[in-house]
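Descriptive structure summary
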Amino acid sequence: MRALTWNGVNDLTVERVPDPQIINRQDAIVKVRLSSVCGSDLHLIGGYMPAMERGDVLGHEFIGDIVEVGSDVHRRSVGERVVVCSFFGCGQCWYCQNDLWSLCDNANTNPGLTELTYGQPLGACFGYSHALGGNAGSHAEYIRVPYADHGAFPVPERKAGRRRLVELIRPKAPRMAQRLIDDVFDALDEQTVVVPGTGTLDIVIPSLAASLAAVHTQRRALEAQINALLEAHPLSPVLTSMPGVGVRTAAVLLVTVGDGTSFPTAAHLASYAGLAPTTKSSGTSIHGEHAPRGGNRQLKRAMFLSAFACMNADPASRTYYDKQRARGKTHTQALLRLARQRISVLFAMLRDGTFYDPRIPEDVELAA
Ligand SMILES: [Zn+2]
Ligand SMILES: [Zn+2]
């Protein structure tokens, strides 16, 4: 099938990818009819969400027809048209039973990353990076929907039409009914995205990409304004000389760290950023390395994301990361070490007023 894939920062293409299969008994396969572009897709395109991988399929808001169900799907059946929640949950855990679906304990197969960056593991979402489970998204011809009994809801087949909708809501809003429905239909007419099912996929998926690009252009204009403000700051060339430190990260650094003089050592800065190595060993982690808690969350997040971003831009950082992986560290642990290493480099740069030096970083400890 064809799908809109993420190939890197600001790089999307329509690719041929394998059709999704039923993997678990509670899965359904849905043929996508309508897939909506969400503002959150921009975080993925811009690289601000860690754990995207080349070839990941975007899209998390959609309607479609069920074409296949697993043997443990009981409430949904083949042929039904359904709207599917972007976050999906198992329906069994404490969170799901209390309607806190986005915190489901079972659906996200990779909860460690969100626990580290947000301080709380998140549940699973479609098309939203490997931090949220690495589930292929809906900007595609077909999609696998796990736990279909809980997250897929039937929608009426028949086109309602203006008059019927006005009659439907008139009892609740006698004076506004006509105007409300007119507004809804006007808005629908102005939509720029072609609705899948009304045209061929040749038109649909590229137009989704074009529509994402248009929103992205607006964001770039805003970025240019922030950029201009930042350029006037004397420390800005020092900060942005470091790979993976762009406008946003530099702005966060200036706000949270300033010129760095209030931190006597790199270890103090690392600790403030919540990136200092943790020494406790409670025995709960098989790797003996814990995601540090606390610290300035804004700074921690910025350092973590910029470590992720620089892996593609800076060969030295990539080498450092690969070395950690070769030593048996997980993706999260290796990224964490890179973030720690980078904050001590940043400390030295600010202290000495020097630019980034692209040597292969040593496995520095944060002694001073
Ligand atoms: Zn969304
Ligand atoms: Zn659950």
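From a predicted model like this one, the values you see are computed outputs, not experimental measurements.

Helix and strand content of the chain: 13 helices and ten strands. In the chain, the proportion of contacts linking residues at least 24 apart, taken out of those at least 6 apart, comes to 65%. Total accessible area computed for the chain in this model is approximately 19000 Å², and 54% of it derives from carbon and sulfur atoms.

Attention now moves to the coordination of the zinc ion (ligand 2). Looking at the zinc ion (ligand 2), the protein donor atoms are Cys-90 (SG), Cys-93 (SG), Cys-96 (SG) and Cys-104 (SG), and they sit 2.3 to 2.4 Å from it. Classification of the site at the zinc ion (ligand 2) rests on its four donor atoms, whose angles at the metal span 104 to 118°, yielding the label tetrahedral. Site description for the zinc ion (ligand 2): donor spacing in sequence, C-x2-C-x2-C-x7-C. For the pair Cys-90 and Cys-93, one class covers both residues: buried.

Let's shift gears to the confidence of the model for the chain. On average, residues of the chain carry a pLDDT of 81, and 84% of them reach 70 or more. Taken element by element, the predicted model of the chain shows its lowest mean pLDDT in helix H7 (residues 201-231) (67) and its highest in strand E9 (residues 142-145) (97). The model gives residues 193-204 a pLDDT under 50, and that stretch makes 19 contacts with residues more than four places away or in other chains. Residue range residues 280-288 is modelled with pLDDT below 50. Its contacts to residues more than four positions away, or to other chains, number seven contacts.

Here the focus is the sheet that holds strand E10 (residues 152-154). Pairing is antiparallel in the open sheet, where five strands are placed in the order E9-E3-E5-E6-E10. Here the strands that pair on one side only, and so sit at the sheet edges, are E9 and E10. Ignoring strand direction, the axes of neighbouring strands in this sheet form an average angle of 45°. Sheet topology places strand E5 (residues 62-69) next to strand E6 (residues 81-84); four bridges connect them, and they run antiparallel. Bridge assignment links Ile-63 to a residue of E6, and that residue is Val-83.

Opposite charge on two side chains allows them to pair when their charged atoms are near. All told, the structure shown has eight salt bridges when counted by the stated rule. One salt bridge in this structure joins Arg-2 and Glu-141, with 3.8 Å as the shortest N-O distance. Taken as a pair, Arg-2 in strand E1 (residues 2-8) and Glu-141 in the loop between strand E8 (124-125) and E9 lie far apart in primary sequence, 139 residues in all. Look at Arg-2 and you get partly exposed, because its relative accessible area is 23%. Note on Glu-141: relative accessible area 15%, which makes it buried. The closest approach of N and O atoms between Arg-351 and Asp-352, which form a salt bridge, is 3.0 Å. Taken together, the shared-partner salt bridges in this structure form one network comprising Arg-33, Asp-65 and Arg-81.

Before going further, it helps to examine unusual backbone geometry. With a phi close to 60°, Asp-99 is a non-glycine residue in the positive phi region. Within the secondary structure, Asp-99 sits in the loop between helix H2 (94-97) and helix H3 (112-118). In this structure, Tyr-147 is a non-glycine residue whose phi angle is positive, near 50°.

All right, on to the pairing of strand E2 (residues 11-16) then. Where E1 and E2 come together, six bridges link them in antiparallel fashion. The partner of Leu-4 across the bridge, within E2, is Val-14. Here E1 hands over to E2 after two residues, with Asn-10 in that stretch at a positive phi of 60°.

Further remarks concern the nonpolar core. In terms of nonpolar packing, the biggest core is built from 51 residues, with Leu-239 and Leu-253 touching the most fellow members. Taken together, the elements giving at least two residues each to this core come down to helix H1 (41-45), H3, helix H8 (236-240), helix H9 (247-256), helix H10 (266-272), helix H11 (297-313), helix H12 (315-326) and helix H13 (331-352). With ten residues, H13 is the single largest residue contributor to this core. Counting only domains with at least three residues in this core, you end up with domain 1 (2-157) and domain 2 (233-352). In this structure, Ile-66, Cys-93, Cys-96 and Ile-143 belong to the second largest nonpolar core, which totals 21 residues.

At a minimum axis distance of 9 Å, the contact between H11 and H13 shows a crossing angle of 100°. Compared by their axis directions, H11 and H13 come out roughly perpendicular. Across the interface between the two elements, Met-303, Phe-304, Ser-306, Ala-307, Phe-308, Cys-310 and Met-311 from H11 touch His-331, Thr-332, Leu-335, Leu-336, Leu-338, Ala-339, Arg-342, Ile-343 and Leu-346 from H13.

This next bit is on H9. Of all ten residues that make up H9, seven are buried, and the element is covered over most of its length. Burial in H9 covers these residues: Val-247, Thr-249, Ala-250, Val-252, Leu-253, Leu-254 and Thr-256. Two residues or fewer past H9, Gly-258 is found with a positive phi of approximately 65°.

If you trace the three strands from one edge of the open sheet to the other, you get E2-E1-E4, paired in antiparallel fashion. The strands lining the two open edges of the sheet, one partner per strand, are E2 and strand E4 (56-57).

Analysis parameters
- Residues numbered from 1 in each chain as written.
- Chains lettered and ligands numbered in written order.
- Predicted model: local features only at pLDDT ≥ 70, side-chain atom pairs only at ≥ 80, totals over all residues.
- Heavy atoms only, no water.
- Helix = DSSP H or I, 4+ residues; strand = E, 2+ residues; numbered from the N terminus.
- Contact = heavy atoms within 4.5 Å.
- Areas by Shrake-Rupley, 256 points an atom, 1.4 Å probe, with all protein chains shown as cover.
- Donors = N, O, S within 2.8 Å, 3.2 Å for Na, K, Ca; no water.
- Tetrahedral: all angles 85-135°; square planar, octahedral: opposite > 155°, others 65-115°.
- Buried < 20%, exposed > 50% of the residue type's maximum accessible area, 1.4 Å probe, protein only.
- pLDDT = per-residue confidence, 0-100.
- Pairing = 2+ DSSP bridges.
- Axes fitted to C-alpha atoms, helices over the stretch in contact; angles between N-to-C directions.
- Salt bridge = Lys/Arg side-chain N within 4 Å of Asp/Glu carboxyl O.
- Core = buried A, V, L, I, M, F, W, Y, C linked by side-chain atoms within 4.5 Å.
- Domains from an automatic or database assignment.
- Parallel < 35°, antiparallel > 145°, perpendicular 65-115°, else oblique.

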